[in-house]
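# Summary of the model geometry
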Amino acid sequence: MSNLSVLFDAPILLVQLIVSGILVGAIFALVAYGMALLWGVMNIINIAQGEFVMIGGYIVFFLARAGVSPIFGIPIAAVVMYGFGLALYRSVIWRIIDQDMFISILATFGISILLQQLGNQLFGSDIRTLPSHLPSLFLAGGMVTVPEIKIVGFVAALAVGAALVVFLRYTRLGQAIRATAQNARAARVLGIDTDRVYAATFALNCAICGAAGGLVAMTWFIQPYLGLTYTLRSFMIVIVAGLGNLPGVILAGTGLGVVEQAAGFILGAEYQTAFVFLLLVVILVGRNMVLARQRRYLK
Amino acid sequence: MNFKLKTLAAMSVAAMLGAGVAQVASAADDTIVLGAAVSLTGKYATLGHNTQDGYNFTAKRINETGGVKVGSKHYKLKIAYYDDESTSARGAQLVERLIKQDHVNFVLGPYSSALTKAVAPITEKYKIPMVEGNGASRGLFTKGYKYLFAVLNTSDYYLRPAVAILAEEAKKEGRDPKSMKIAIAVENDNFSRDVRDGVLEDAKKYGMKVVIDDKLPPDLNDMSTTLTKVKALKPDALLISGHDKGAILGIRQVAAQKVYVPMLAMTHCDSAKVIKKFGKDANYAFCASQWDSNLTYKDRWFGNPQKFAEDFKKAYNYDPPYQVAESAAAVEVFADAIERAGSLDPQKVRDALTKTDMVTFYGPVKFDSTGKNVGKSMVLYQIQNGKYVVVAPSKWAKTKPIYPAPQWDKRQ
């Protein structure tokens with residue numbers, strides 16, 4: 001608890017924690033956004049989400065090695081991953097749509113193991129990083145430092161999020177995706193090719209993960225086994241935001257980031273993740289109580 | 001179609017089994033087979049391959065220079081491998097298979113403390129001696145194992161030299177070592193907790209105050225909170241341990257957030273290739289290592305550490321990290337003990353191992369009653385001008401440590 005008094009002595013550190021939290025959370029939120037989309041539209045919980053991030057990271061990494069600036073590498077990774085997503089949909093995912101959710105978890109779990117091991121075979125288990133070549137910003141007399149790459153990540157996350165909202169609201173495909181999410185059978189009756197919608201949604205999620213992977217490689221590091229962290233974290237963010245609440249995902253992602261930073265500072269890093277998961281339990285129990293009350297009124 | 005698929009599946013299974021069997025040929029009359037389950041796939045694949053390269057390179061060298069002499073007969077060394085897939089359960093299973101089905105009399109250790117921990121009870125059960133160079137956890141040597149021998153320093157010794165340097169520098173500045181403040185950030189696993197214990201013990205010895213003591217969860221990929229604390233509490237040294245990931249995160253984020261500490265010390269910088277990755281951002285960091293090719297030991301098979309490094313690079317096309325060296329040393333220790341035992345009997349070789357007292361290119365080897373090597377000491381580098389220079393132990397140090405590191409705005 002002595003760390004708490006440090007925070008009172010130097011409240012500017014709180015600003016640092018909040019800023020770091022928001023910037024860290026934004027990248028997680030981006031990954032969670034894709035997961036929410038997939039879950040909402042196709043009723044699939046994608047355990048391989050983190051592995052898609054990993055592959056995206058490696059694409060940007062190898063492009064950078066070949067001389068492509070990471071900033072351009074990110075959109076390329078997104079496009080490549082879109083194609084990858086389509087291929088994966090046509091080979092595996094279409095078989096598990098409309099099946100029990102347990103089947104989808106098993107199938108994507110299998111894909112995740114496969115991708116991990118393939119990544120390990122192809123790229124080796126070395127930890128790779130990309131130099132961002134961006135300086136850090138110093139605010140408040142050096143007490144608050146913000147690496148610019150994290151701002152780039154944050155802005156990119158926001159931009160992708162905004163682009164998705166616009167896409168879903170105003171384009172034909174976006175509307176078809178939303179219609180399918182609401183009621184797949186009705187959408188089919190009205191002439192929407194739901195199979196194509198599913199393929200596009202799945203590929204879109206892969207593209208989002210690909211872009212996020214590039215940001216991860218520039219901010220932290222990539223490794224064939226990093227996937228689980230991102231899968232778990234995005235799963236959690238989607239649950240906290242509530243299913244189908246896409247704008248809420250960004251809020252939940254950044255909020256959890258801030259809570260995590262604060263918990264790490266005050267309680268120590270060993271409780272950082274534990275605290276966030278504890279919070280998840282509290283939120284779930286709380287939400288269940290609210291829902292139970294509503295159900296009582298309905299009776 | 002279905003039939004074809006089935007045939008294909010059967011064929012591939014047969015091929016896999018065949019590959020497994022082919023690796024373990026039974027010992028011919030003039031060969032000694034050492035068994036090893038190492039991580040060729042999974043998360044330790046890179047370091048597992050280093051281990052395997054170290055074993056193979058040494059066995060080849062010993063064979064080329066006359067092999068192992070037992071009585072009047074010269075034997076060739078042969079190593080039988082399995083891939084433990086970086087998982088403990090698999091490692092234990094495979095070592096049991098090496099002993100029971102492949103009838104090996106001697107076992108070389110796997111990569112990492114976790115896997116060594118899983119394997120040691122098996123070798124103990126069958127009374128088969130194991131010499132290992134990659135399990136540094138202190139916990140391995142408190143269980144009373146009689147057939148386990150480690151050529152490396154246990155993990156609690158990794159960052160002790162850094163604490164010693166801090167105390168020396170404090171005295172030079174005319175400060176009481178008691179006034180020094182230490183921040184520790186370690187990954188919450190066996191290895192790093194041992195590193196932390198060593199630091200805590202030595203800090204206590206000097207009366208230093210530990211102001212930050214963070215244990216990072218293994219899935220954590222960001223240590224900015226710990227660094228915010230460092231900024232607030234201004235410790236004299238920040239000690240980080242978390243394998244490659246810890247070294248990379250430490251150097252990357254300390255530089256990105258321009259966190260100033262007079263001493264930044266960590267483990268695994270060399271295997272994480274921090275100089276190549278971060279260039280001058282890595283300058284002034286202290287790095288713990290088991291071994292360095294600039295040391296001046298003599299060796300029967302390789303001559304000296306420099307020769308070892310050169311010959312190894314010629315054969316495998318990369319500079320040997322210490323993981324290669326310690327694996328190589330394990331094979332040498334076996335060869336030496338088998339010759340002294342004058343027998344291929346596991347029990348006699350085990351007894352000879354307890355009396356080992358030799359100098360290798362990797363360092364002196366002498367086992368205490370728990371089986372750990374008390375002959376050698378850890379090496380501490382500092383990165384100066386983009387190069388590793390040895391700064392401790394002072395006996396082999398070429399250069400003096402730079403302490404305190406210059407402020408960030410004073411660096412070029």
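Structure's up top.
Rules used throughout
Residues numbered from 1 in each chain as written. Chains lettered and ligands numbered in written order. Predicted model: local features only at pLDDT ≥ 70, side-chain atom pairs only at ≥ 80, totals over all residues. Helix = DSSP H or I, 4+ residues; strand = E, 2+ residues; numbered from the N terminus. Rg over C-alpha atoms; globule rule 2.2 N^0.38 Å. Buried ≥ 20, exposed ≤ 12 C-beta atoms within 10 Å, placed from the backbone. Contact = placed C-beta atoms within 7 Å. Nonpolar A, V, L, I, M, F, W, Y, C, P; charged D, E, K, R; others polar. Core = buried A, V, L, I, M, F, W, Y, C linked by C-beta atoms within 7 Å. Pairing = 2+ DSSP bridges. Axes fitted to C-alpha atoms, helices over the stretch in contact; angles between N-to-C directions.

Looking only at helices and strands, chain B features twelve helices and 15 strands. For 412 residues, the compact-globule formula gives about 22 Å, and the C-alpha radius of gyration of chain B, at 23 Å, lands near that figure. Judged by the C-alpha coordinates and their principal axes, chain B covers about 65 × 60 × 40 Å. Counting every position in chain B, which comprises 412 residues, the buried fraction comes to 53%.

On to the interface of chain A and chain B, then. The interface of chain A with chain B comprises 32 residues on the first partner and 33 residues on the second. At the level of elements, helix H1 (2–9), helix H2 (12–42), helix H5 (101–123), strand E2 (144–147), helix H10 (227–241), helix H11 (246–267) and helix H12 (272–298) of chain A are the ones that each hand at least two residues to the side of chain A that touches chain B. Among the elements that line the side of chain A that touches chain B, the one with the most residues is H2(A), at five residues. The residue inventory of the side of chain A that touches chain B, partitioned by class, reads 14 nonpolar, 16 polar and two charged.

By size, the foremost hydrophobic cluster in this structure holds 214 residues, and its most contacted members are A:Ile237 and B:Ala162. At 18 residues, the largest contribution of residues to this core is made by H2(A). Residue contacts for B:Ala162: discarding those within four places in its chain leaves B:Ala237, B:Leu239, B:Met263, B:Ala265, B:Phe286 and B:Leu380.

Attention now goes to unusual backbone geometry. All names here are of chain B. Cis rather than trans, the peptide bond between Tyr 403 and Pro 404 has omega equal to -5°. Relative to the helices and strands, Pro 404 resides in the segment after strand E15 (387–392). A positive phi angle, near 55°, is found at Lys 273, a position not held by glycine. Considering the arrangement of structural elements, one finds Lys 273 in the loop between strand E10 (263–267) and helix H9 (274–278).

Residue and element names in this part refer to chain B. Judged by pairing direction, the sheet is mixed, and its six strands sit side by side in the order E2-E3-E1-E4-E5-E6 without closing on themselves. Edge strands, defined here as strands with exactly one partner in the open sheet, are strand E2 (68–70) and strand E6 (148–150). Shown here is a sheet whose adjacent strand axes are inclined to one another by a mean of 30°, direction ignored. Packed on one face of the sheet, helix H2 (residues 45–64) meets strand E1 (31–38), E2, strand E3 (73–83) and strand E4 (106–108) and runs near 165° to E3.

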